[in-house]
Amino acid sequence: MPNRTGRPDDSATSALATDRRSPEHLTSAVAWYRQMVIARRFEEETERAFRRGKIGGYLHVYSGQEAVAAGFLAELRETDIFFTAYRDHAHALFRGASPGAVMAELFGKVTGLARGKGGSMHLFDVARGFYGGYGIVGAHVPLAVGAAYALRYRQEDRVCVCFLGDGAMNSGALHEALNMAGLWGKEGLCPLVLVVENNEYAMGTSVVRSSAVTDLAARFAQYAIPGERIDGMDFFVVRQTAARVIADVRATGRPYAVEALTYRFAGHGAADLFQPYRTKEEVDAQRRRDPILLLERRLREAGVLDDATVARIQEEAEQVVAEAVRFAEESPPPGPEELTAHVYGAPADA
Amino acid sequence: MPELTYRDAIRAALIDAMERDPTVLLLGEDIGLYQGTFRVTADLLARFGPRRVIDTPISEEGFVGAAIGMALLGLRPVVEVMTWNFSLLAFDQIVNNAAKVRYFSGGQVDVPLVIRGPNGAGVQLSAQHSQSVEVFYAHVPGLRVVAPATPADAWGLLRTALRGRDPVIFLENAALYGTKGPVPDGDGALPFGRAEVARPGRDVTIVAYSRMLLVALEAARQLADEGIDAEVINLRSLRPLDGETLVRSVAKTHRAVVVQEQWKPFGAAAEIAATIYEGAFDLLDAPVERVTGADVPMPYARELELLAIPHEADIVAAARRVLYREGR
Ligand SMILES: Cc1ncc(C[n+]2csc(CCOP(=O)(O)OP(=O)(O)O)c2C)c(N)n1
């Protein structure tokens, strides 16, 4: 298969990380399992709502990649901040944004996270440290570098996480930003964790067809940023990596990059129906490594999850999403006064 | 009222803001150790240290983007672009991020960012170093675009920029850095969107901004010798544009000449003329004239460069035409 970049196959997942975890971590992992189930249900519902014409524009769903955002956001403190690209629904949900407000944003309602003015690609929840989803590939990375600098400039003990896709790895904005991050990091002024969500594709262009060097983690070295590649399907691996990396970045103020190998199960966007760039066999093989099923299996093996709990969680997810849809449906659209609101801040009192 | 150069007025406004407000910091290529290409930031590195006066790599997109990130976190970065020509490398950051993030976040964030540096024609710097970029940015909602013509403008507009909550495109002009003028002792902040009547007159309104104000004022002196009393408007700000002052002036003079250094098609003068037509069509006794740069990339040869930019004589001729003093 010409697209493959040498990633772990079905059997070669990392050693059972659960064994070494404390009981609290296992309880918390069940909570994160629940979050991931909700996010998956949420995305399935957004695809249906798109087909029903309730959601317009672009819709990029996150199904298959849940362990990456969940693992990192599980380790972020409340005061920490993050940026991401346009595939941002799960990030918002994992950070505690109300599912109703996320769905309402996709429905273009004034009760949405961005008052219906951002849509799927621009979810924002600044009160929770979520500085937004951005639509220009790679162009949010410089913002995250500056934000990280600002945190250290203010002598705050906070870190910034920047999620990006494998497609962003070849944009000029990224390379300019990484160089500054590496440079500022030498002074301890860039507490930035870069999380490359390598789902193998940028729309239809696979990593091997876009990147001269496909070991993306290794490419950070030229900017004095350490990078490592991990299995992004395994929640425990992601979370343990996140804990270590975030602690290190917090302590040193130096950037660090993690390439999480993951996969998107759906098309690039809701309009990508035929996916001529990959085979059904490939997708099916990846689905066998579904991060939610993997986590479920681990938690069952550790004895903290059973059939009854799984059923209850699925039922809850169903309810949460149904409630989100109801909220979105019943919410009003933005009124005409919203059209011109928020273009400018209040003028400076000269 | 102290006399300051345009350069020192900008520098003084930066120092004042940095002394008052620890969130103000500067970024740009060679603004620190090198002291700034046009020396606007001279000695600031020694004064405020490398965390506040940041020498950046040649990465316009990167450092403008980083400054936007800083602004999102409540800092007040001032970016110096070595010249506005190079801002085009950061065009995406300015247009797609700085201008829009407040809106698409539903008002959750401010972007209190100032981007400043020299704009416009240089001295035989040819095509890639002599552009006027104002229209590129003035077209975009979410940005504020100002172009000081005098040291008092530079001081006052920068003070306002450093207090606002929006990204400001602050267009200086290399040929103006050494010009001198009075700068108010006190606050002197100038609100955006308010033009100045730089020279009152009765017969014709000449509208200009940035360096073209000086050319327009000289043209007005020459017109006075012919008995034509021109009113000269210093726009100061292109977005927002002060339509009221334009209309009030035309209500008095009934004739208007609009001057800009940049290319004519789709230029600032077109917008200004349209604003006059919309607000004062019935008051006009002649079509609005536009005096603009030639519609060519800036040539190198001195003779050609002089042909490419507007001069006093062009304004004088246009004023005569709107007054029907000479064949059209
Ligand atoms: C600068 C830019 N070029 C092209 C696009 C169109 N586009 C949108 S998403 C995308 C693929 C990006 O892939 P990746 O960064 O790997 O993210 P993923 O979709 O896999 O999450 C492209 C080409 C864009 N949004 N921005």
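Preceding this section is the structure that the text describes.
In this report, we go over the structure that sits alongside the text. (Residues numbered from 1 in each chain as written. Chains lettered and ligands numbered in written order. Predicted model: local features only at pLDDT ≥ 70, side-chain atom pairs only at ≥ 80, totals over all residues. Heavy atoms only, no water.)

So, on to the site of the ligand. All names here are of chain A. In the vicinity of the ligand, 14 residues are found, and the nearest of them are Tyr-86, Arg-87, Gly-167, Asn-199 and Tyr-201. Tyr-201 places a main-chain nitrogen or oxygen 2.8 Å from an oxygen atom of the ligand. Burial of the ligand by the protein chains amounts to 68% of its free accessible area of 580 Å². The class makeup of the residues in the shell around the ligand is seven nonpolar, five polar and two charged. (Near = heavy atom within 4 Å. Polar contact = N/O pair within 3.5 Å; in protein donor to acceptor, adjacent residues only side chain to side chain. Areas by Shrake-Rupley, 256 points an atom, 1.4 Å probe, with all protein chains shown as cover. Nonpolar A, V, L, I, M, F, W, Y, C, P; charged D, E, K, R; others polar.)

Another aspect to go through is the packing of aromatic side chains. Given two aromatic rings, one states the distance between the centres and the angle between the planes to describe the pair. Tallying each qualifying case throughout the model produces 20 aromatic pairs over all chains. Ring geometry for Phe38(B) against Tyr177(B): centres 5.1 Å apart, planes inclined by 35°, an arrangement best described as tilted. Residue Phe38(B) is found in the loop between strand S2 (24–28) and helix H2 (44–48), and its partner Tyr177(B) is found in the loop between strand S7 (168–173) and strand S8 (180–182); the two are separated by 139 residues along the sequence. Ring pairs connect the aromatic residues Phe83(A), Phe124(A), Tyr131(A), Tyr134(A) and Phe104(B), which therefore count as one cluster. (Phe/Tyr/Trp six-rings, centres within 6.5 Å; stacked < 30°, edge-to-face > 60°. Helix = DSSP H or I, 4+ residues; strand = E, 2+ residues; numbered from the N terminus.)

The interface of chain A with chain B comprises 48 residues on the first partner and 52 residues on the second. With both chains or domains summed, chain A and chain B bury close to 3,800 Å², and 64% of this area falls on carbon and sulfur atoms. Applying the counting rule to chain A against chain B returns zero salt bridges. Taken together, chain A and chain B are joined by 19 residue pairs in polar contact (both at pLDDT 80 or more). Of all elements in the fold, only strand S1 (81–84), strand S2 (130–133), helix H5 (141–153), helix H6 (172–185) and helix H12 (337–340) of chain A reach the threshold of two or more residues within the side of chain A that touches chain B. The element best represented in the side of chain A that touches chain B is H5(A), accounting for nine residues. Across the side of chain A that touches chain B, the residue classes tally to 30 nonpolar, eight polar and ten charged. (Contact = heavy atoms within 4.5 Å. Buried area = accessible area lost by both parts, 1.4 Å probe. Salt bridge = Lys/Arg side-chain N within 4 Å of Asp/Glu carboxyl O.)

All names here are of chain A. Read across the sheet, six strands follow the order S2-S1-S3-S4-S8-S7 without closing on themselves; strand pairing throughout is parallel. The open sheet is flanked by S2 and strand S7 (227–231), the only strands paired with a single partner. Strand-to-strand twist across the sheet, computed as the mean angle between neighbouring axes with direction ignored, equals 15°. As paired strands, S7 and strand S8 (residues 256–261) are joined by five bridges and run parallel to one another. In the strand pairing of S8, Ile-230 is matched with Ala-260. (Pairing = 2+ DSSP bridges. Axes fitted to C-alpha atoms, helices over the stretch in contact; angles between N-to-C directions.)

Function cannot be read off these values alone, since they describe shape.
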